[in-house]
Amino acid sequence: MAFAKISQVAHYVPEQVVTNQDLAQIMDTSDEWISSRTGIKQRHISKNESTSDLATEVAKSLLEKAGLTADELDFIILATITPDSMMPSTAARVQANIGAHRAFAFDLTAACSGFVFALSTAEKFLASGRFQKGLVIGSETLSKAVDWSDRSTAVLFGDGAGGVLLEACERQHFLAESLYSDGSRSECLTYGETALASPFSEQETLTSFLKMDGRAIFDFAIRDVTKSIKQTIEASPLEASDLDYLLLHQANIRILDKMARKIGVDRDKLPANMMEYGNTSAASIPILLSECVEKGIIHLDGSQKILLSGFGGGLTWGTLIVTI
Ligand code: ACO
């Protein structure tokens, strides 16, 4: 039987930092409001790098750390809601940028669950036994998705990318998973809606900025996502206390506080970095994972059990428990 394991991690963020104080200069907000409601203190905002530029840096870093050449890759899956274009995919741009000639490449759209959905998909490719190595990257330039005149969303998001190298192995590392969508609640969180536009249609072309019913998403995270995390742990061979860390989507520090209590794990097991990056959607979990490895709290030596959970637009939510 074929199995998959995360063998390398990396992240990259644009250099420019925009603090809450910077935002207070251009809109009616304050550091006090933003940090007390969300935990966010600053975010990185791209000056001129695209989603594929950020992802390319991550891909290069993963190859360098692993000592691989791009030719050795079988696939690149890139999770994003802020692609450079609908066609070509951002993944195809990354494939060209790094010269991964043999790799097939595609984007996956599942908002803040995108990285977890992409990692689950990639694991199935490796479990098929037909592929040996692939990159799974979450990359976002949400600064182009938000309405900068809407303080209720503009303060929440940031740009960045993170990813992993997934390799075939002989032992099971993916221990449990659950993936969910509920399109009937899609209006809670929308971005980039388009309408029919042709000489024969009745509508005008329309694209929209990111809109969010923050309270509804908050409640969804606390109720549905927490419940599914608990169920995923129950369905796994582990107890909650066996988990070394739970890496959850970085949207709001209060969501993490409440989730830790409801799941019944020590709050210290839920690392947070939204203070520095804001909500980077599909990139938030791999950025956090990569930082945890850099800080030496996650070792990549096969000795730790980690839960990854994303939740957001769609609505979508998904959890994976992996040995790492
Ligand atoms: N600065 C100052 N005041 C503000 C700001 C701001 N930036 N934004 C809103 N306000 C005001 C509102 O106008 C409102 O004022 P009013 O009472 O006079 O009408 C007041 O603050 C309270 O607004 P609420 O929206 O009720 O604030 P809430 O406490 O719900 O916090 C927040 C909002 C932070 C968005 C919260 O609901 C949240 O974190 N939700 C979850 C978001 C999330 O998890 N997203 C993940 C998915 S993202 C994805 O998939 C791309």
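The structure under discussion appears in the preceding block.
Definitions and limits used
Residues numbered from 1 in each chain as written. Predicted model: local features only at pLDDT ≥ 70, side-chain atom pairs only at ≥ 80, totals over all residues. Heavy atoms only, no water. Helix = DSSP H or I, 4+ residues; strand = E, 2+ residues; numbered from the N terminus. Buried < 20%, exposed > 50% of the residue type's maximum accessible area, 1.4 Å probe, protein only. Salt bridge = Lys/Arg side-chain N within 4 Å of Asp/Glu carboxyl O. Core = buried A, V, L, I, M, F, W, Y, C linked by side-chain atoms within 4.5 Å. Contact = heavy atoms within 4.5 Å.

### Section: unusual backbone geometry
Omega for the bond connecting Met87 with Pro88 falls within 30 degrees of zero, at 0°, which places this linkage in the cis form. Assignment of secondary structure puts Pro88 in the loop between β4 (75–79) and α4 (90–98). Between Gly314 and the following residue, Leu315, the backbone shows a cis peptide bond with an omega angle of -10°. Tracing the chain through its elements places Leu315 in the loop between β12 (305–312) and β13 (316–323). Positioned with a positive phi, Ala111 is a non-glycine residue whose angle comes to about 50°. Relative to the helices and strands, Ala111 is located in the loop between β5 (104–108) and α5 (114–127). By relative accessible area, which is 10% here, Ala111 ends up buried. The phi angle at Leu300 is positive, at roughly 60°, despite the residue not being glycine. Within the secondary structure, Leu300 is located in the loop between α10 (284–294) and β12.

### Considerations on the pattern of salt bridges
Any two side chains of opposite charge can pair, so long as their charged atoms come close to each other. As enumerated under the stated definition, the model contains 10 salt bridges in all. Salt-bridge contacts for Lys124 lead to Glu123; the nearest nitrogen and oxygen are separated by 2.9 Å. A residue is classified by how much of its surface remains accessible, and Lys124, at 39% relative accessible area, is partly exposed. Taking relative accessible area as the criterion, Glu123 reaches 14% and is therefore assigned buried. Asp224 is the partner of Arg185 in a salt bridge, and the nearest nitrogen-oxygen pair spans 3.0 Å. Separated by 39 residues along the polypeptide, Arg185 in the loop between β8 (174–181) and β9 (189–190) and Asp224 in helix α7 (residues 214–235) bring together distant segments of the chain. Given the relative accessible area of 27%, Arg185 is considered partly exposed. Classification of Asp224 as partly exposed rests on a relative accessible area of 22%. Among the charged side chains, a network of salt bridges with common partners joins Glu123, Lys124 and Glu177.

### Some details on the nonpolar core
Formed by 46 residues in total, the largest nonpolar core has its most connected members in Ile229, Ile233, Leu246, Leu248, Met259, Leu307 and Phe311. Those elements that provide at least two residues to this core are α7, β11 (245–248), α8 (253–263), β12 and β13. When residues in this core are grouped by element, the largest group, eight residues, is from α7. Setting aside residues up to four positions removed in sequence, Ile229 forms contacts with Leu248, Met259, Ile263, Leu307, Ser309 and Thr319. Judged by nonpolar contacts, the second largest core, of 33 residues, contains Phe75, Ala118, Leu166 and Leu289.

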